[in-house]
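# Results of the structural survey
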Amino acid sequence: MSTSQPKVLIWGIAGASLGMEIAKSLAMDGGFDVRGADISPQAYGHFADCFSKTYVLDSNACVSDAGKILANEQIDFLIAGGDIVARICAGIEDDVKATGAKYVGNNQSTVKTCSDKYSCFELLAQKGIACPQTRLLSEIDIYATSTIYPLIAKPRIDSGGSRGINIFYNAEDLAGFASQHSNDAGSWVCQEYLRDSTNELTIGVLSQANGSAAGSILLRRTFQNMLSVHDRSQEHLISSGSSQGHFYRDKAAEDAAMRIADAVGSTGPLNIQCRLKNGVIMPFEINPRFSASTFLRTLAGANEASLYLNHLISGRDIDYPEPKEGLALRSFAECFVPASKD
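In short, a report on the structure. (Residues numbered from 1 in each chain as written. Predicted model: local features only at pLDDT ≥ 70, side-chain atom pairs only at ≥ 80, totals over all residues. Heavy atoms only, no water.)

## Quick look at the overall build of the protein chain
Worth spelling out the cut-off: Helix and strand assignments come from DSSP, with helices taken as H or I runs of at least 4 residues and strands as E runs of at least 2, each series counted from the N terminus. Summary of the burial criterion: residues with accessible area below 20% of their type's maximum are buried, those above 50% are exposed, and those between are partly exposed, where the area comes from a 1.4 Å probe applied to protein chains only. In what follows, residue pairs with any heavy atoms lying within 4.5 Å of each other are defined as contacts. Residue-level accessible areas treat just the shown protein chains as cover; the underlying method is Shrake-Rupley with a 1.4 Å probe.
Scanning the protein chain from N- to C-terminus turns up 10 helices and 17 strands. In terms of overall dimensions, the protein chain has a C-alpha envelope of 65 × 45 × 40 Å along the principal axes. Per-residue burial over the protein chain gives 51% buried out of 342 residues. Once local pairs closer than 6 in sequence are excluded, the contacts in the protein chain between residues at least 24 apart make up 67%. In the form shown here, the protein chain has an accessible surface area of approximately 15,900 Å², with 49% of it arising from carbon and sulfur atoms.

The following block contains the structure:
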């Protein structure tokens, strides 16, 4: 790696995306040459001032294009700016390494574990981590006399951001859903709905390359703004992927989150969506990547992207800062691009 600023390419820079949150965090650090790439020439990042340079990828040859940029521009680090790109990058990690760059993400074992919700929560339960009851839809007979309704049904694989969520209040409704999915019942999980939405948290845990958790940051979510709500009724609330709320300190909760990171073998960024049940953290979604709340965490004093990259560069342990307490709000940013006169 050269003695100049490390070059970081963020692949996926659409508006309100994970890629933009990471870019803003690295730009605030000031120690990186941050580049962006996207298949859309209208991606918000092409017009943002947090990149030194951006590239438009051919949608039919995006992997090849990305590889050429990594090699020709002597990029040091590649970061995925979204879940779809992360899945692509996971399959070309050796190709990325061959260009001289390093793909920045969690290890593949942890990614595989967390992408399968049934296996993930089964592992957590085996390791003594408190978590909501989670079963396959194919095990519907278990719920015939269950008393844990309502239940959430969601895809077993890759259902982050509240995608594919269904909620059921009784066995009859669940049975109707199961009959519609008799051919793929093993591809759905049913999970206890944790009722107390006033105690929903999004938690960031940053682990070192050796697998030891360095620190965590807590955001208690609030839902006054519809930006943060996926679905709401008098009896339930399902959050969206846009977190807002209060950063606060609670050592017991921070330590519990780090135990979850250790349990799934995390060696990088991890994001835990959870609610408290009788004061105990109960995770319902675990994403082994940087969070869409990354920049909010940076504003609160924990710049996860910068901390992790500097850890990879120096090889030194992460000196995780003490996060600040306070209110975190977000909105959309507008951009006007004048028409070309050419």
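## Notes on the sheet that holds strand 16 (residues 280-287)
Keep this limit in mind: Criterion used throughout: strands pair if DSSP finds at least two bridges between them. Only the contacting stretch of a helix is used when fitting its axis, a line to C-alpha atoms as for every element, and angles between N-to-C directions run 0 to 180 degrees.
Strand order across the open sheet formed by 6 strands is 16-15-10-11-14-17, with antiparallel pairing between neighbours. Bordering the open sheet on either side are strand 16 and strand 17 (326-328), each of which pairs with just one other strand. Averaged over all adjacent pairs, the angle separating strand axes in this sheet is 30°, with direction ignored. The pairing of strand 10 (residues 200-207) with strand 11 (residues 213-221) spans 7 bridges and is classified as antiparallel. By the bridge assignment for strand 11, Ser-207 is matched with Ala-213. The sheet contacts of helix 8 (residues 251-263) involve strand 10, strand 11, strand 14 (245-248), strand 15 (269-277) and strand 16, and relative to strand 11 the element is tilted by about 120°. Packing of helix 10 (residues 304-314) onto the sheet brings it into contact with strand 10, strand 11 and strand 15, and relative to strand 10 it is tilted by some 15°.

## Some remarks on the pairing of strand 10
Most of strand 10 sits inside the fold, with 8 of its 8 residues counted as buried. Here strand 10 shows a buried face lined by Glu-200, Thr-202, Gly-204 and Leu-206 and a second buried face lined by Leu-201, Ile-203, Val-205 and Ser-207. Bridge count between strand 10 and strand 15: 7 bridges; the pairing is antiparallel. Across the sheet, Thr-202 pairs through a bridge with Gln-273, a residue of strand 15. Between strand 10 and strand 11, which pair antiparallel one after the other, the connecting turn spans 5 residues, and Gly-211 there sits at a positive phi close to 95°.

## Quick word on the side chain of Asp-38
What counts is decided by this rule: Charge assignment in this entry is limited to Lys and Arg as positive and Asp and Glu as negative, and neither His nor the chain termini are counted. Salt bridge criterion: a side-chain nitrogen from Lys or Arg within 4 Å of a carboxyl oxygen from Asp or Glu. Any pair of N or O atoms that falls within 3.5 Å is considered a polar contact. Within protein, one atom must be able to donate a hydrogen and the other to accept it, and sequence-neighbouring residues count only if both atoms are side-chain atoms.
With respect to the secondary-structure elements, Asp-38 resides in strand 2 (residues 33-38). Summary of buried charges: Asp-38 has no salt-bridge partner, and the nearest side chain of opposite charge, Arg-87, is 14 Å away. Separated by 2.9 Å, the side chain of Asp-38 and the backbone nitrogen of Ser-40 make a polar contact. Dropping the residues within four chain positions of it, Asp-38 is found in contact with Gly-12, Ile-13, Ala-14, Ala-43, His-46, Tyr-55, Val-56 and Leu-57.

## Here's the deal with the packing of aromatic side chains
So the rule is basically this: Two aromatic rings, drawn from Phe, Tyr or Trp (for Trp, its six-membered ring), form a pair once their centres lie within 6.5 Å of each other, and the interplanar angle then sorts them: stacked below 30 degrees, edge-to-face above 60, tilted otherwise. Should the NZ of a Lys or the CZ of an Arg lie within 6 Å of a ring centre and within 35 degrees of the ring normal, that charge is described as sitting over the ring.
Per the stated rule, a full pass over the model turns up 2 aromatic pairs. Both rings, one in Phe-168 and one in Phe-177, keep their centres 5.0 Å apart while their planes meet at 50°; by these two values the pair is tilted. A residue is classified by how much of its surface remains accessible, and Phe-168, at 9% relative accessible area, is buried. Since its relative accessible area comes to 9%, Phe-177 is described here as buried. Taking 5.1 Å as the distance between ring centres and 90° as the angle between the ring planes, the aromatic pair formed by Phe-177 and Trp-188 counts as edge-to-face. Of this pair, Phe-177 sits in helix 7 (residues 171-180) while Trp-188 is found in strand 9 (residues 188-192), placing the two residues 11 residues apart along the sequence. On the accessibility criterion, Trp-188 (12% relative accessible area) is buried. Ring pairs connect the aromatic residues Phe-168, Phe-177 and Trp-188, which therefore count as one cluster. One cation-aromatic arrangement involves Arg-220 over Tyr-248; the distance from NZ or CZ to the ring centre is 4.5 Å.

## Quick notes on the packing of helix 1 (residues 18-29) against helix 10
Going by this rule: Should an angle fall under 35 degrees it is called roughly parallel, over 145 degrees roughly antiparallel, and 65 to 115 degrees roughly perpendicular, with every other angle called oblique. Put simply, Ala, Val, Leu, Ile, Met, Phe, Trp, Tyr, Cys and Pro go in the nonpolar bin, Asp, Glu, Lys and Arg in the charged bin, and everything else, Gly too, in the polar bin.
Two numbers describe how helix 1 lies on helix 10: the axes approach to 8 Å, and their chain directions differ by 70°. As summarised for this structure, helix 1 and helix 10 are arranged roughly perpendicular, according to the angle between their axes. Contacts from Ile-22, Leu-26 and Asp-29 in helix 1 reach Ala-305, Ser-306, Leu-309 and Asn-310 in helix 10. For the contact of helix 1 with helix 10, the residue count by class is 4 nonpolar, 2 polar and 1 charged.

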